[in-house]
Amino acid sequence: MLQAFYNPVRSKVSAALVIVLLGVTSVSQIANARPAPDSFADLAERLLPSVVNISTSQMVADRQGPDFQFPPGSPFEDLFRDFMDRNGQGGDQGGQAPHKRRATALGSGFIISADGYIVTNNHVIDGADEITVRLHDGDTLEAELIGRDPKTDVALLKVEPKEDLPFVKWGSSDDARIGDWAMAIGNPFGLGGTVTAGIVSARNRNINQGPYDDFIQTDASINRGNSGGPLFNLDGDVIGINSAIYSPSGGSVGIGFAIPSAIAQSVIDQLKEYGRTRRGWLGVHIQTVTDDIADSVGLDNSTGAMVAGVSDDGPAQKAGIKQGDVILTFDGKDVESMRRLPRIVADTKIGKEVDVEIWRDGKKQTVQVELGELEEDVVAANAPASDDSQNPAAIDEASVDALGIKVANVNDELRNRFNLAEGTEGVIVTEVNGDSFAAEKGVRPGDIIIEASHRSVANVEDVMNAVKSAVDDEKRTILMLIETSAGARYFGLTLNADG
């Protein structure tokens, strides 16, 4: 499982399974590879004084007594409540307040300026009442939290030293290559400054911890308590902040993850200047361009990010970006995959007017977008409702054999059957053949079809006509926008011409 590797009272990093991919290095890269050092001793001696131990404490409720309650109405319920109240565990039920105790946790950090700015992980200091920094020489200082960013798991602290502190500088994580040497320093299991070395095992890892996941994977030994510590290159520059490990046992098994400096440095600069992050905002809900979707919209490769929804009055809507567009480049940067776009947008200056290349109606177009600022409460818009038709549909339900589904116009009976919201209109999927491509792609009964081939559908006839047209044109797939229980998504559905 994935674990935050500080000595924790709590850990906010969720479990996930990470599959290790083996990279192959070209002959030219091997020829240019940096030789292995004879020793890390000189590097460690220089860098150790800049790495600190971080301890935090907070008051937490101390639950005592059995971890169960009798069911409501049980004859033992009142007796149980009286017992808890007499023992000070009844909370606000008339007894004393629950017992509290001070809980502590240990992590790592590193100094980035002589006047005492220190970088660590957000999960190390999250919820802390007090934060104490222990320097390499043993001195302890109280730390002030300057700012934190849960989305990237980065936090910035400040101490007031009596004299200038030794510090390290940022390096380029973008220049780090798979197979390069890396050195980690931290506070594993509370033991104090510990140095380990390994290599960069992989780049651009997504471990499902946030929208900007782009981790460096390393086999340098890191354990609980290393969270927030630095990952160095052989020049002694910080290329990452150690943040999580994959481990079934809680100890190092050679799979650790560091936040790359390319992400962390810009976040730290913003926290230092504003006390919070300021990210660019485009105002779109996006999804992956699969091979089927690429084929259905006429793209040669499954690249870019498909726009599944556009926020009302957001920058994208004002610029004319529409649902169904595929974003290929943003501000001159290629969008190789959906995951790439949020990071590019977040790193772009707020208010900047940028060129966005999109794929629409089988060709490339360029629109200009003035980027907004992402607020914490901004949520990507779901797909807008399809246009309602004023004409009653001639067909109430039908089997779409080419897709292996049955569809129907929404009525009161179907609203009740599928627990649809009052006033829901459109075309609903009532049955899905278990052997169909639609079932394989995740289409389920109760889903609402919003668009077919980039055209809004208001009734069953619209769906049938769109499918027939695609079959007649000898297309292999048809693109459909479907409202699912998880929100609106585009599906590239394979057509069975014999259906």
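Residues numbered from 1 in each chain as written. Predicted model: local features only at pLDDT ≥ 70, side-chain atom pairs only at ≥ 80, totals over all residues. Heavy atoms only, no water.

S.K.: Just to check I follow, could you spell out the overall build of the chain for this structure?
M.R.: Counting secondary structure elements, the chain contains 11 helices and 29 strands. Across the 499 residues in the chain, those meeting the buried criterion constitute 48%. Nonlocal contacts in the chain, meaning residues at least 24 apart in sequence, comprise 63% of its contacts between residues at least 6 apart. Within the structure as shown, the chain displays about 25,000 Å² of accessible surface, and the carbon and sulfur contribution to it stands at 46%. (Helix = DSSP H or I, 4+ residues; strand = E, 2+ residues; numbered from the N terminus. Buried < 20%, exposed > 50% of the residue type's maximum accessible area, 1.4 Å probe, protein only. Contact = heavy atoms within 4.5 Å. Areas by Shrake-Rupley, 256 points an atom, 1.4 Å probe, with all protein chains shown as cover.)

S.K.: Would you mind showing me how to read the pattern of salt bridges here?
M.R.: By the definition in use, this model includes 19 salt bridges. Here Arg276 and Glu373 are joined by a salt bridge, their closest N and O atoms 3.0 Å apart. In this pair, Arg276 sits in the loop between helix H5 (261-274) and strand E15 (280-281) while Glu373 sits in strand E22 (residues 372-373), placing the two residues 97 residues apart along the sequence. In this structure Arg276 comes out as partly exposed when scored by relative accessible area, which is 41%. (Salt bridge = Lys/Arg side-chain N within 4 Å of Asp/Glu carboxyl O.)

S.K.: Help me understand the confidence of the model for the chain, please; the structure alone is not making it clear to me.
M.R.: Reading predicted coordinates in detail is not appropriate for stretches of low pLDDT. On average, residues of the chain carry a pLDDT of 81, and 79% of them reach 70 or more. For the chain, per-element mean pLDDT is lowest for helix H1 (residues 27-31), which scores 46, and highest for strand E4 (residues 117-120), which scores 97. Segment residues 8-31: pLDDT under 50, and 42 contacts once partners within four positions in sequence are set aside and those in other chains are kept. (pLDDT = per-residue confidence, 0-100.)

S.K.: Honestly, a negative patch on the surface in this entry has me stumped. Any pointers?
M.R.: Taken together, the side chains of Asp115, Asp137, Asp139, Glu163 and Asp164 make up a negatively charged region of the molecular surface. Mapped onto the secondary structure, Glu163 falls in the loop between strand E8 (154-158) and strand E9 (181-186). (Patch = residues over 30% accessible without salt bridge, like charges linked within 9 Å, V, L, I, M, F, W, Y side chains within 5 Å. Lys, Arg positive; Asp, Glu negative; His and termini not counted. Charge placed at Lys NZ, Arg CZ, Asp CG, Glu CD.)

S.K.: Would you mind showing me how to read the packing of aromatic side chains here?
M.R.: How two aromatic rings sit relative to each other is set out by the distance from centre to centre and by the angle between their planes. Throughout the structure, instances matching the rule amount to 3 aromatic pairs. Arranged with centres 5.5 Å apart and planes meeting at 65°, the rings of Phe40 and Trp181 form a pair that is edge-to-face. Placement of Phe40 in the loop between H1 and helix H2 (41-47) and of Trp181 in strand E9 is noted, with a sequence separation of 141 residues between them. Judged by centre distance (5.7 Å) and plane angle (80°), the ring pair of Phe110 and Trp170 falls under edge-to-face. Of this pair, Phe110 sits in strand E3 (residues 100-111) while Trp170 sits in the loop between E8 and E9, and the two are 60 residues apart along the sequence. On the basis of relative accessible area, Trp170 is assigned to the buried category, the value being 17%. A cation over an aromatic ring shows up here: Lys272 above the ring of Tyr117, its NZ or CZ 4.5 Å from the ring centre. The ring of Tyr274 carries the charged tip of Arg278 above its face, separated from the ring centre by 5.0 Å. (Phe/Tyr/Trp six-rings, centres within 6.5 Å; stacked < 30°, edge-to-face > 60°. Lys NZ or Arg CZ within 6 Å of the ring centre and 35° of its normal.)

S.K.: It is not clear to me how the pairing of strand E28 (residues 477-484) should be interpreted in this structure. Could you clarify?
M.R.: As a general feature of sheets, a regular strand has side chains that alternate between the two faces. When you tally the buried positions in E28, you get 7 out of 8 residues, the bulk of the element. As defined by bridge partners, strand E26 (residues 448-452) adjoins E28 across 4 bridges and the pair is classed as antiparallel. Residue pairing across strands places Glu451 opposite Leu481, the latter belonging to E28. Bridge count for E28 against strand E29 (residues 487-494) is 8 bridges, and the pairing is antiparallel. What sits directly across from Leu479, in E29, is Gly492. Hairpin connection of E28 to E29: 2 residues between the antiparallel strands. (Pairing = 2+ DSSP bridges.)

S.K.: Hey, could you run me through helix H11 (residues 460-472) in this one?
M.R.: Three or four residues apart is the spacing at which side chains of an α-helix point the same way, because the helix has 3.6 residues per turn. The end-to-end C-alpha distance of H11, which contains 13 residues, comes to 18 Å, matching closely the 18 Å that a straight helix rising 1.5 Å per residue would cover. Every buried residue belonging to H11 is among Val460, Val463, Ala466, Val467 and Ala470, and all of these are buried. Seen from one end, H11 has its buried residues packed into an arc of 135°, which puts them on one side. Buried residues belonging to H11 abut strand E23 (397-400), strand E24 (405-409), strand E25 (427-432), E26 and E28. A distance of 3.2 Å separates the backbone nitrogen of Glu461 from a side-chain oxygen at the start of H11, and that oxygen is part of Asn459. Positive phi appears at Glu474, one or two residues downstream of H11, with a value of about 60°. (Expected span 1.5 Å × (residues − 1). Arc of directions from axis to C-beta. Polar contact = N/O pair within 3.5 Å; in protein donor to acceptor, adjacent residues only side chain to side chain.)

S.K.: Honestly, the nonpolar core in this entry has me stumped. Any pointers?
M.R.: Nonpolar side chains tend toward joint burial in soluble globular proteins. Ranked by size, the top nonpolar core spans 30 residues in total, and within it Phe110, Ile112, Val119, Trp170, Phe232, Ile241 and Ile268 carry the most contacts. Going through the elements one at a time, H2, E4, E8, E9, strand E13 (238-246), strand E14 (256-260) and H5 are the ones with two or more residues in this core. Counting residues per element, this core draws most heavily on H5, at 5 residues. Other than its neighbours up to four places away in sequence, Ile241 contacts Phe110, Val119, Asn121, Val154, Trp170, Gly228, Gly229, Phe257, Ala258, Ile259 and Ala264. Counting 24 residues, the second largest nonpolar core, distinct from the first, contains Val407, Val429, Ala452 and Ile478. (Core = buried A, V, L, I, M, F, W, Y, C linked by side-chain atoms within 4.5 Å.)

S.K.: Where do I start with H5 in this structure?
M.R.: Look at H5: 19 Å from first C-alpha to last across 14 residues, which is about the 20 Å you get at 1.5 Å a residue. Within the sequence span of H5, burial applies to Ser261, Ile263, Ala264, Val267, Ile268, Gln270 and Leu271. Buried residues along H5 sit against E4, strand E7 (144-149), E8, E13, E14 and helix H8 (340-346). Gly275 sits one or two residues past H5 and shows a positive phi near 80°.

S.K.: What is the right way to read the environment of Ala114 from this model?
M.R.: Tracing the backbone through its elements, the reader meets Ala114 in the loop between E3 and E4. With 54 residues separating them along the chain, Ala114 and Val168 place their C-alpha atoms 9.3 Å apart. Among all residues touching Ala114, those that are not within four sequence positions of it are Pro161, Glu163, Asp164, Leu165 and Phe167.

S.K.: Quick question: what am I supposed to make of empty space enclosed by the protein here?
M.R.: One water molecule sets the probe size; rolling that probe over the atoms shows where empty space is left. Per the counting criterion, the structure on display carries 2 cavities of 30 Å³ or more. When its volume is computed, the largest cavity comes out at roughly 40 Å³. Within the residue set of the lining of the largest cavity, elements represented by two or more residues are strand E10 (194-205) and strand E11 (215-218). Grouping the constituent residues of the lining of the largest cavity by class yields 4 nonpolar, 2 polar and 4 charged. (1 Å grid on protein atoms, 1.4 Å probe; cavity = no way out; pocket = protein on both sides within 12 Å on 5 of 7 lines; lining within 4 Å. Points joined across faces, edges and corners; volume = space filled by probe spheres on them. Nonpolar A, V, L, I, M, F, W, Y, C, P; charged D, E, K, R; others polar.)

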